[in-house]
Each structure stands twice: as structure tokens, then as C-alpha cells.
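Coordinate analysis (summary)
Residue-level listing of the chains:
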Amino acid sequence: MASSQEIDAFLAGVERRAFKQALFTIQDHHSALDVVQNAMLKLVERYHDKPVAELAPLFQRILQNTIHDHFRRGKVRDFWVRLVSPMRDKDDENTETLESLAAHTESTHQPSPEKEASANQQLAAIEQALAELPQRQREAFLLRYWEELDVAETAKAMGCSEGSVKTHCFRANNALAAKLKDRGISL
Amino acid sequence: MTKEDEFAHRLITALNSGVREMDAATLQQLSVLRRQAVASQHSFAHGHHILSLLQRHSLASVLLVLFILISGYWFVQTRQPAYSPETDILLLTGDLPPNAYADKTFSKWLEARSPF
């Protein structure tokens, strides 16, 4: 059974990467923090009696499920918003849609000029390329290479076969190489 | 190490440098969230023990609820209404309140008590 100190140390070791993983997928700072918080709480609630060595794959599985839940809830919310939207003022709706579209475009597809000019240009390009990957490919790539899980652990965390993990990783690598080449980034 | 693995590791090295340079405000928020989660360990371990047991054994929880509902229904259906001499008096004097006639068990009781 992991002690409070061991769980704290474990979470301190993974929290930054967990946040980045959530951010690559969700593209929203506050939602990514919410997801990480929920994943931490679920880990402590359900698995505080597990040895600390078993926590890494469990936490990754919880994190991936929490990210999926976030999107599922978003779909339900969008469904109700679409149902209610005809009742709203049309002008307001159009303005809001354009504003949110502009904000989304700005936040996800157009890095700021400062960012482009900074020394972090390469990192921004890599993060952008990762964010553009299909979700399952990104999950497989990050779990396999960033979290250093083996193929079997990655498959367990993703709830798929080991063959699927290898395929997702292969495709993710190829896609990332192509995207970075297009952006003129060489590693 | 394959060529694919080498490329992936170069990417991961770059990503790790980004993680190390994460902004202080986000790090502070993550630290607060972590402390809150670890602090909740005590309450999860003790305060919500029964709740977590029920969550883990959801089938048993459903069966328990069904058992309680069926038992309650069976008890209400088979319960014999208590005999009261006052009811006899009210019946003889015709002073029964109207809602006594709306009571489903009243007819059964009346038939059971009737000598005819």
C-alpha cells in the first residue's frame, strides 16, 4: 500500500506531463487542469491501497479515460446547446459563434508572433504537430515514448491490442515527421 | 534502437525541455491540485468506505436495493390489519369516515369479519 508521501511523490513526478497530455488533446488550459485534477482524485480514491510501482499504468489509464469523458460530456452539452439555440437571439448567436471560432483558431492553429520568433519555435511546432495528430495516435505515441510504458502496458492503458499500439505508434511517427518537415523543422 | 525509436526520442527530448520550462502559475496550480488529491486520501480511506464498497460492487448494490423493495412490497401486501373494537363501534353507528371506504384493505377486512 502506497503512503501519502509516496503518492505525493508519484503525482509530483507525472503531473507536468499529464497536464501537457491533456492540453495537447483538449486545447484548453483550464479544462486540462480539471482533467488532471479528476485523474489525481480518482487515483487516490480507487487505488491508494496499491503498491506505488503499480500506480504509473493505472494513472495513465485513468487520465486517458478522464480525457475521453471530457469529450463525451462536451458532446452531450453541445447536443443540448443545439437544441436550445433556436430560442436564442440570432444576432447574439452569430456573434458568439464567430468570437468562439476566432478564439479557437487563434489558440489552436496560429501561434503568436512572439512564439514564432522565440527560441521555443521548435518546441511550439512539435507541440502543434502533436496536437494535430488523431487522438489514438497521440495517446499511443505519448504513452509509449513519453511515459515510457512498454507495448503491453500501453495497450492496457488504451484498452486496445498490442498490434493496434504498434500501428498507432508507427503512424504517429510518420505523421509527426511529415508535419515537422513541412514546417521546416529538423531534429 | 530503430530509426523510428530514435526519431521519437529526439521529439521526447524536446518535449521534456518544454515541460521543464513550464510557467510558474501552472506549476503552482498543479501543486495545489496534487496536495488536494493527496489530502483526500484520508477521507476516501475512512469516511467513504461504505460508498466506495457499493461503487465497487455495483451488482451487489442493485440486488440489495431490489431485495429491500420486494421485501417491503411483500410485507405491505401480507400484513393483516390490526383488529380494533373501535372500528366495530364506528361501523355499527355508521360513523366511519368516507376515506375508510376508499381503503383497499377495508373491503377485505369487512368480508373477513362478516358472518354472512
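Look up a bit, the structure's there.
Because the structure is predicted, anything quoted here is derived from the model rather than measured.

1. Some points on the overall build of chain B
For chain B, the count of helices and strands is seven helices and zero strands. Put simply, chain B runs from its N terminus to its C terminus through helices and strands in the order α-α-α-α-α-α-α. For chain B, the proportion of its 116 residues judged to be buried stands at 7%.

2. Re the overall build of chain A
Summing up its helical and strand segments, chain A has nine helices and zero strands in all. Reading the secondary structure of chain A in the N-to-C direction produces α-α-α-α-α-α-α-α-α. In chain A, buried positions account for 30% of the 187 residues. Within chain A, contacts between residues at least 6 apart in sequence are counted, and of these 61% link residues at least 24 apart.

3. Points about the interface of chain B and chain A
At the junction of the two partners, chain B supplies 24 residues and chain A supplies 29 residues. A total of 12 residues in the side of chain B that touches chain A trace back to one element, the largest contributor, which is helix H1 (residues 3-20) of chain B.

4. A look at helix H3 (residues 55-84) of chain A
All names here are of chain A. Look at H3: 43 Å from first C-alpha to last across 30 residues, which is about the 44 Å you get at 1.5 Å a residue. Of the residues making up H3, those classed as buried are Leu55, Phe59, Gln60, Ile62, Leu63, Gln64, Thr66 and Ile67. Against helix H1 (4-26), helix H2 (29-47), helix H7 (135-146) and helix H8 (151-158) lie the buried residues of H3.

5. Some remarks on the environment of Leu149(A)
All names here are of chain A. In this structure, leucine 149 sits in the loop between H7 and H8. Sequence separation between leucine 149 and alanine 56 is 93 residues; the distance between their C-alpha atoms is 8.6 Å. If near-sequence neighbours (up to four positions away) are discounted, leucine 149 is found in contact with Pro57, Gln60, Leu143, Arg144, Thr154 and Ala157.

6. Digging into the packing of H2(A) against H3(A)
Residue and element names in this part refer to chain A. Look at H2 against H3: their axes get within 9 Å of each other, and the N-to-C directions meet at 135°. With respect to H3, the element H2 is oriented oblique. Regarding H2 and H3, the two cross each other, and that crossing is right-handed. From H2, Ser31, Val35, Asn38, Ala39, Lys42, Leu43 and Tyr47 reach across to H3, where they touch Leu55, Leu58, Phe59, Ile62, Leu63, Thr66, Ile67 and His70. Residue classes in the contact of H2 with H3 are distributed as 10 nonpolar, four polar and one charged.

7. Structural notes on unusual backbone geometry
Negative phi characterises most residues that are not glycine, and trans characterises most peptide bonds. Residues and elements named next belong to chain A. With phi around 65°, glutamine 27 is a residue other than glycine that occupies positive phi space. Relative to the elements of secondary structure, glutamine 27 occurs in the loop between H1 and H2. Residue glutamine 27 is classed as partly exposed on the basis of its C-beta count, with 14 C-beta atoms lying within 10 Å.

The rules behind the values
- Positions within a chain are numbered from 1, following the residues in the order the chain's sequence is written.
- Each chain is given a letter, starting from A, and each ligand a number, starting from 1, according to the order in which they appear as written.
- Thresholds applied to this predicted model are a pLDDT of at least 70 for local features of residues and 80 or more for the giving and counting of side-chain atom pairs; totals over whole chains, interfaces and linings are not thresholded and use all residues.
- We count a stretch as a helix when DSSP gives it H or I for four or more residues in a row; a strand needs E for two or more, and each element gets its number in order from the N terminus.
- Think of it as a crowd count around each C-beta: if 20 or more other C-beta atoms lie within 10 Å the residue is buried, if 12 or fewer it is exposed, and in between it is partly exposed, with C-beta placed from the backbone throughout.
- We call two residues in contact whenever the C-beta atoms placed from their backbones are within 7 Å.
- To estimate how far a helix should extend, the number of its residues minus one is multiplied by 1.5 Å.
- Convention adopted: a line fitted to C-alpha atoms gives each axis, helices being fitted over their contacting stretch, and angles between N-to-C directions are expressed from 0 to 180 degrees.
- These descriptions rest on fixed angle ranges, namely under 35 degrees for roughly parallel, over 145 for roughly antiparallel, 65 to 115 for roughly perpendicular, and the rest for oblique.
- By definition, any crossing whose near helix is turned counterclockwise from its far helix by less than a right angle is left-handed, and any crossing with a clockwise turn is right-handed.
- Gly counts as polar in this scheme, as do all residues outside two lists: the nonpolar Ala, Val, Leu, Ile, Met, Phe, Trp, Tyr, Cys and Pro, and the charged Asp, Glu, Lys and Arg.

Keep in mind that these numbers describe shape and distance, not what the molecule does.
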